[in-house]
Amino acid sequence: MTTYGSKRIVTGAHYGLRDWMAQRATALLMALFTLVLLAQVLFTSQPLGYDLWAGIFSKQWMKFLTFGLIVSLAYHAWVGVRDIWMDYVKPVGVRLALHVFTLVWLTGCAGWAIQVLWRL
Amino acid sequence: MTDATQATKKNRPVYTNIHVTQIVGYRLPPAGIVSILHRISGLLMFFLLPFVIWMFDTSLTSEISYETFTAAFVSGIGFLPGWFIKLVALALIWGYLHHFIAGVRHLWMDATHSVSKQQGKSSAIVTLVLSIVLTIALGAKLFGLY
């Protein structure tokens, strides 16, 4: 069995397990983030407005969590969207182009979101 | 070869890849509907990601940009009217709710090994009903019905 060159084995144990696990771990983190954020919006005496909203995200532990969310979302979406391309798009050239587009789209979006978080 | 084995061999589908044109001919069980909607909602949110981050950006950056954020849902932004922005937000709400609930269903199945046919069906129906009811409730709030 070889893992390189033109005769490499491209399927087998553990090839998909890491991504499968990562997708579940990131999903769990995003679900928890949703509940934490929702709790802060709902269980407060402050009126819903800019002060409450910006106050939530300006706390250091919330920035920590939100940064984790952004990275998780990018990884989660990469695994999921790549699965869709792999299932439905057969021509290698088109699939490669879509993979590159997905990576650029996600890293660009992640950068923008982190920029918003950073200057807060 | 007997006639019986020949008959079964003839009826056996040789090529089972489903083509786009055949989709309507297939009757999906509830779990199948949840599964394909999980993909559709995921892809929808993937493409709307810049809009989500635009909302994140304008709602957080300053009090002035917060005004722009809230005004977008009333008087629109650029050539897009406010009701259209609300409609896109509603699509996001449905996408998030469906993806979230269907995802929790997956995690639940992974953790408890509940993979029986009946549980798959009932949890799929719960997913569909819950996501649609919550979407209608939040959508009514978004469009100012209550």
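Residues numbered from 1 in each chain as written. Chains lettered and ligands numbered in written order. Predicted model: local features only at pLDDT ≥ 70, side-chain atom pairs only at ≥ 80, totals over all residues.

## A word on the overall build of chain A
Along the backbone of chain A there are 4 helices and 0 strands. Along chain A, from the amino end to the carboxyl end, the secondary structure elements read α-α-α-α. For a compact globule of 120 residues, the expected C-alpha radius of gyration is about 14 Å, and chain A comes in at 19 Å, more than 25% above that figure. If you line up chain A on its principal axes, its C-alpha atoms span 65 × 25 × 25 Å. Counting only contacts in chain A whose residues sit at least 6 apart along the sequence, the fraction spanning at least 24 positions is 68%. (Helix = DSSP H or I, 4+ residues; strand = E, 2+ residues; numbered from the N terminus. Rg over C-alpha atoms; globule rule 2.2 N^0.38 Å. Contact = placed C-beta atoms within 7 Å.)

## Section: the overall build of chain B
Helix and strand counts for chain B come out as 6 helices and 0 strands. The buried share of chain B, reckoned over its 146 residues, is 15%. The contacts in chain B between residues at least 6 apart in sequence include a share of 68% that link residues at least 24 apart. (Buried ≥ 20, exposed ≤ 12 C-beta atoms within 10 Å, placed from the backbone.)

## What about the confidence of the model for chain B?
Per-residue confidence for chain B averages 90 on the pLDDT scale, and 90% of its residues sit at or above 70. For this predicted complex, the interface confidence reaches an ipTM of 0.88, while the overall pTM sits at 0.87. (pLDDT = per-residue confidence, 0-100.)

## A few points about the interface of chain A and chain B
How big an interface is tends to be stated in terms of accessible area lost as the parts join. Taken together, the contacts link 18 residues of chain A with 19 residues of chain B. Those elements that provide at least two residues to the side of chain A that touches chain B are α1 (17-42), α2 (50-58), α3 (60-88) and α4 (92-118) of chain A. A per-class count over the side of chain A that touches chain B returns 15 nonpolar, 2 polar and 1 charged. (Nonpolar A, V, L, I, M, F, W, Y, C, P; charged D, E, K, R; others polar.)

## Digging into the environment of Ser 58 of chain A
Its location among the elements puts Ser 58 of chain A in helix α2. The sequence separation of Ser 58 of chain A and Trp 118 of chain A amounts to 60 residues, and the corresponding C-alpha distance is 9.4 Å.

## Observations concerning the packing of helix α2 (residues 30-47) of chain B against helix α6 (residues 117-142) of chain B
Residues and elements named next belong to chain B. The contact between α2 and α6 brings their axes to 8 Å, and the two run at 50°. As summarised for this structure, α2 and α6 are arranged oblique, according to the angle between their axes. Here α2 and α6 pass one another in a crossing that is left-handed. Here α2 contributes Pro 30, Ala 31, Ile 33 and Val 34 to the contact with α6, which in turn contributes Gly 120, Lys 121, Ala 124, Ile 125, Thr 127 and Leu 128. (Axes fitted to C-alpha atoms, helices over the stretch in contact; angles between N-to-C directions. Parallel < 35°, antiparallel > 145°, perpendicular 65-115°, else oblique. Left-handed = near helix turned anticlockwise from the far one by under 90°.)

## Details of the packing of α3 of chain A against α2 of chain B
In contact at an axis separation of 10 Å, α3 of chain A and α2 of chain B are set at 120° when each is read in the N-to-C sense. The pairing of α3 of chain A with α2 of chain B is recorded here as oblique in orientation. Crossing hand, α3 of chain A versus α2 of chain B: left-handed. Residues Ala 77, Gly 80, Val 81 and Ile 84 of chain A of α3 of chain A form the contact with α2 of chain B, whose participating residues are Arg 39, Gly 42, Leu 43 and Phe 46 of chain B.

## Regarding unusual backbone geometry
For His 113 of chain B, which is not glycine, the phi dihedral falls at a positive 55°. By the element assignment, His 113 of chain B lies in the loop between α5 (82-112) and α6.

## Topic: the confidence of the model for chain A
Predicted confidence across chain A gives a mean pLDDT of 92, with 92% of residues reaching 70 or more. Across chain A, the element-wise mean pLDDT spans from 95 in α1 of chain A up to 97 in α4 of chain A.

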